[in-house]
Amino acid sequence: MSQKILLDKINVPGIKTYEVYRREGGYASVEKALKMTPDEVVEEVKTSGLRGRGGAGFPAGMKWSFIDKKSGKPRHLVCNADESEPGTFKDRFLMEYIPHLLIEGMITSSYALGANLSYIYIRGEYMWVYKILERAIAEARNAGWLGKNIQGSGYDLELYVHCGAGAYICGEETALIESLEGKRGNPRIKPPFPAVSGLWANPTVVNNVETIAAVPWIVNNSGAEYAKIGIGRSTGTKLISASGHIKNPGVYEIELGLSVYEFMNSDEYLGGMSSDRPLKAFVPGGSSVPVLPANLIYKTANGEDRLMTYESLSDGGFATGSMLGSGGFIVYNDTSCIVRNTWNFSRFYHHESCGQCSPCREGTGWLEKVLHRIETGTGREEDIDLLWDIQSKIEGNTICPLGDAAAWPVAAAIRHFRDEFEYHVRFPEKIKNRDHFVAEPFEQVKHLVGKVTV
Amino acid sequence: MERKHYTQDINISPELMARIEELCSHYPEDKRKSALLPVLHEVQDAHDNWLSIELQDKVAEIIGIKPVEVYEVVSFYTMYNQRPIGKFMFEFCQTSPCCLNGVENLMDYTCNKLGVKVGEPTADGMFEVRGVECLGACGYAPMMQLGDFFLEHLNEEKIDQLIVDCRDNKITLHDK
């Protein structure tokens, strides 16, 4: 049984309310932090090794230490609750069922950063969660954890929820800041980084919900204790949101270092494949990270057990690895059509591109168009190389990582499932008129392609 | 292509105005523009879930920014509607995890049942079906959003019942 530090109280009746949350020990980290210096709190987070849980995995304590304290400008903490990566729904779960944990984390983290005005930026589609957070913030304010002179410490903090309006790009931290300023979510060129010039050109730290929610435990128990959980540079626990062809979809808190095999097959977690069909592929970290075929899921290219860590999931680079990303764990059985799935993701990235950079604005559209014609049985053999060429010209050539996110799934699908693309091109009559997402189990028709280039 | 101009009655009630000012107070006094997205949500909810050009101009006036600053935001974000839409907008998530669980068939079923195509309101203006990108409910697929709420683990029976409940006015669209 993995240790739980975020969801350990999730089954306590009424934990959504301030009264129960406080009775269960809530807000203790604020009391403790207010007796420490802000730098001491930052140091604990650094010691913990906590890495940003939004996808990039950058060390949170280091990010905090970059904040410009010399400018004399107001500083801000902004929580990125714009959870929009396909396959990812963990932050919503946390905010919906234990909202005070995030608010406690926001207060403790804001104190560490010297911020007196902080925001939670939540995606507009989570409107009922927005209202849950607003109610919880009001409860915290009434109990004296927000406002002027918190608990007599002399520290002031105002905290508000701000809702977006349907744009995946606003999960990118500079686009999120633009949106928080009431503008289109166009990412900014970095540098300057937000720690120097962020919200209203003030020093700003943007952290994901799960990252901020881990801070109370770290302050209460010390960074050193947190660093004991997990393996190597993948310290602590991680929320994984699991979906697709598995018996038990949902949100799980795991200790980093758990094997992918155990996570996939044990009854404590996903419980194996639904309908007992064979496993074909999985995406471990949300739609933007590379898909891995069955032979690379449980073992790395070196034959070692694949673990749920930043390092093990990316082992061997994109040729044989993927990324932990946001923890959006999508599982595909043998009836899943990789080409149709890749087209679906490409449509998503085309739709969500802000249009600021030409390689992304045009390239995502080309990817979608070419994939669509292959998928619908009008593709040409050279289209597969054309797709490879287009994705390679998007990656690394855009202001923000959305371009990379659009390119990687296509590259991985061709790298690992080229034979399936070839099958689509050579046997279009097999593709047409099938039941939407359901493909023939590819193993049964693989021989038709001839040379298989996995 | 000619763009159709839609008009609507504008009604900024004292209650709505108070809520707008409260939202503006969440930001520094000289940063009222930051309240634009939340304010647009409130104004849209109070105006049959869409925003005419005239209404956008009114929002610009209230916040104290140029109309074009509102237009560029409304046209960028998918949750703002620039034309009248069906009262009950069924927004099906059409991204991969929902597709793996049959959302495409369910959209077809709903459209056939209502006699509409995706993106076209029913003749009585009651219903509309729309495909949207990932709504963050992948483990509970297939799903849709209706007003402020998520409806998960959908199937044909649930859709049938939902349509009946909408017609019987049993559905709350916004959690106030």
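Predicted, not measured: the structure shown is a model, and the values here were computed from it.

### Let's talk about the sheet that holds strand β1 (residues 76-81) of chain A
Residue and element names in this part refer to chain A. Strand order in the open sheet formed by four strands is β3-β2-β1-β4, and the pairing between neighbours is parallel. Looking at the sheet topology across the chains shown, the edges are occupied by β3 (158-163) and β4 (204-208). Across the sheet, the mean angle separating the axes of adjacent strands is 20° when strand polarity is ignored. One ladder, built from four bridges, connects β1 with strand β2 (residues 117-122); its direction is parallel. What sits directly across from V78, in β2, is Y119. Contacts from helix α6 (residues 99-113) reach β1, β2, β3 and β4 within the one sheet, and its direction differs from that of β1 by about 145°.

### Let's talk about a nonpolar patch on the surface
Residue and element names in this part refer to chain A. Among the surface-exposed residues, F58, M62 and F66 lie close enough to one another that they form a single nonpolar patch of about 280 Å² accessible area. Of note, F66 is situated in the loop between α4 (60-65) and β1. For F66, a relative accessible area of 46% corresponds to the partly exposed category.

### Focus: the interface of chain B and chain A
Taken together, the contact between chain B and chain A spans 44 residues of the former and 62 residues of the latter. Carbon and sulfur atoms make up 57% of the area that chain B and chain A hide from each other, which totals about 4,200 Å². At the boundary of chain B with chain A, the tally comes to five salt bridges. Residues E134 of chain A and R19 of chain B are paired through a salt bridge, measuring 3.6 Å at the closest nitrogen-oxygen approach. The interface formed by chain B and chain A contains 23 residue pairs in polar contact (both at pLDDT 80 or more). Secondary structure elements with two or more residues in the side of chain B that touches chain A: α1 (14-24), α2 (36-45), α4 (67-74), α5 (96-100), α6 (103-114) and β4 (149-151) of chain B. Class assignment for the residues of the side of chain B that touches chain A results in 21 nonpolar, 13 polar and ten charged.

### Some words on the domain arrangement of chain A
Residue and element names in this part refer to chain A. By the assigned domains, chain A splits into domain 1 (18-228), domain 2 (231-333) and domain 3 (338-448). Counting residues at the interface gives 13 residues for domain 1 and eleven residues for domain 3. When domain 1 packs against domain 3, the two sides together hide about 910 Å² of surface, and 70% of this comes from carbon and sulfur. For the pair domain 1 and domain 3, the interface holds two residue pairs in polar contact (both at pLDDT 80 or more).

### Focus: the UniProt feature "binding site: [2Fe-2S] cluster" (unreviewed entry) in chain B
The UniProt record marks C93, C98, C134 and C138 of chain B with the feature "binding site: [2Fe-2S] cluster" (unreviewed entry), using the residue numbering of this structure. The named residues occupy 46 residues along the chain; their greatest pairwise C-alpha distance, 9.1 Å, places them in one compact cluster. Tracing the backbone shows C98 of chain B in helix α5. Excluding residues that lie within four positions of it along the chain, C98 of chain B makes contacts with C93, V103, A141, P142 and M143 of chain B. Tracing the chain through its elements places C138 of chain B in the loop between β2 (127-132) and β3 (144-146). Among residues more than four places away in sequence, those in contact with C138 of chain B are P86, G87, T88, F89 and S243 of chain A together with P97 of chain B.

### Some remarks on the environment of K58 of chain B
Residue and element names in this part refer to chain B. Secondary-structure assignment places K58 in helix α3 (residues 53-63). On a C-alpha basis, the gap between K58 and I12 in space is 9.1 Å, while along the polypeptide they are 46 residues apart. Once residues lying within four places of it in the same chain are set aside, the contact partners of K58 are I10 and I12.

### So, the packing of helix α5 (residues 90-97) of chain A against helix α7 (residues 127-142) of chain A
All names here are of chain A. Viewed as axis vectors pointing N to C, α5 and α7 meet at an angle of 40°, and their least axial separation amounts to 9 Å. Classed by the angle they form, the pair α5 and α7 counts as oblique. α7 is crossed by α5, and the crossing has left-handed handedness. Of α7, the residues touching α5 (which contributes R92, M95 and E96) are W128, V129, I132 and L133. A class-by-class count of the residues in the contact of α5 with α7 yields five nonpolar, no polar and two charged.

### Section: the confidence of the model for chain B
Any region with low pLDDT has predicted coordinates that should not be read closely. Summing up the model confidence of chain B, the mean pLDDT is 95 and the portion of residues at 70 or higher is 98%. Scoring the predicted complex yields pTM 0.95 and, for the interface, ipTM 0.96.

### Quick word on the packing of aromatic side chains
Residues and elements named next belong to chain A. Enumeration over the complete set of coordinates arrives at 30 aromatic pairs over all chains. Measuring from centroid to centroid gives 5.9 Å for Y252 and F263, while their planes differ by 90°, and the two rings are edge-to-face. Here the residue Y252 occupies a position in strand β8 (residues 250-255), and F263 occupies one in helix α11 (residues 260-265), the gap between them amounting to eleven residues. When its relative accessible area of 13% is taken as the criterion, Y252 is described as buried. Taken together, Y252, F263, Y269, F282 and F329 form an aromatic cluster joined through their ring pairs. Here the basic side chain of R123 rests over the ring of Y126, its NZ or CZ set 5.2 Å away from the ring centre. For R347, the ring lying beneath its charged end belongs to W343, and the centroid distance is 5.3 Å.

### Quick notes on the packing of helix α3 (residues 38-48) of chain A against α6 of chain A
Packed helices, taken two at a time, are described by the angle between their axes plus the distance between the axes. Residues and elements named next belong to chain A. Their axes nearest at 7 Å, the elements α3 and α6 cross at an angle of 115°. For α3 against α6, the interelement crossing comes out left-handed. In contact with P38, V41 and V42 of α3, α6 contributes T108, Y111 and A112.

### Considering the pattern of salt bridges
Residues and elements named next belong to chain A. Enumeration over the complete set of coordinates arrives at 46 salt bridges over all chains. When the shortest N-O distance is used, the salt bridge between R380 and D383 registers 3.6 Å. Shared partners join several salt bridges into a network, and the residues in it are E381, D385, R418, E422 and R426.

Procedures and definitions
Throughout, residues of each chain are indexed from 1 in the direction in which the sequence is written. Lettering of chains starts at A and numbering of ligands starts at 1, both following the order in which they are written. The model is predicted, so local features are restricted to residues of pLDDT at least 70 and side-chain atom pairs to those at 80 or more, both for listing and for counting; the totals for chains, interfaces and linings are taken over all residues. Processing note: side-chain calculations cover all non-hydrogen atoms of the structure and skip hydrogens and water entirely. For two strands to pair, DSSP has to find at least two bridges joining them. Note on conventions: DSSP H or I runs of at least 4 residues are helices, E runs of at least 2 residues are strands, and numbering of each starts at the N terminus. What counts as an axis is a line fitted to C-alpha atoms, over the stretch in contact for a helix, and the angles between N-to-C directions run from 0 to 180 degrees. Throughout, a contact is declared for two residues whenever any of their heavy atoms are within 4.5 Å. Nonpolar side chains (Val, Leu, Ile, Met, Phe, Trp, Tyr) within 5 Å and like charges within 9 Å form the patches, drawn only from residues with over 30% relative accessible area and no salt bridge. Using the Shrake-Rupley algorithm and a 1.4 Å probe, accessible areas are obtained, with residue cover drawn only from the displayed protein chains. Whenever a carboxyl oxygen of Asp or Glu lies within 4 Å of a side-chain nitrogen of Lys or Arg, that contact is scored as a salt bridge. Each residue is placed in one exposure class: buried if its accessible area under a 1.4 Å probe, protein chains only, is under 20% of its type's maximum, exposed if it is over 50%, and partly exposed if it falls in between. When two parts are brought into contact, each loses some accessible area as probed by a 1.4 Å sphere; the total of that loss over both is the buried area. Pairs of N or O atoms are called polar contacts if they sit within 3.5 Å, as long as, within protein, a hydrogen donor faces a hydrogen acceptor (for residues adjacent in sequence, only side-chain-to-side-chain pairs). Each residue gets one label: Ala, Val, Leu, Ile, Met, Phe, Trp, Tyr, Cys and Pro are nonpolar, Asp, Glu, Lys and Arg are charged, and the others, such as Gly, are polar. Residue ranges for the domains trace back to a domain assignment, done automatically or taken from a database. UniProt positions are given in the numbering used here, feature names are shortened, and annotations may be inferred rather than shown by experiment. Roughly parallel means an angle under 35 degrees; roughly antiparallel, over 145; roughly perpendicular, 65 to 115; everything else is oblique. Should the near helix be turned anticlockwise from the far one by less than a right angle, the crossing is left-handed, and should it be turned clockwise, the crossing is right-handed. On a scale of 0 to 100, pLDDT captures the predictor's confidence in every residue. Whether two aromatic rings pair depends on their centres lying within 6.5 Å, for rings of Phe, Tyr and Trp, where Trp uses its six-membered ring; planes under 30 degrees apart make the pair stacked, over 60 edge-to-face, and the rest tilted. Ring-over charges, as used throughout, are those where CZ of Arg or NZ of Lys falls within 6 Å of the ring centre and within 35 degrees of the ring normal.

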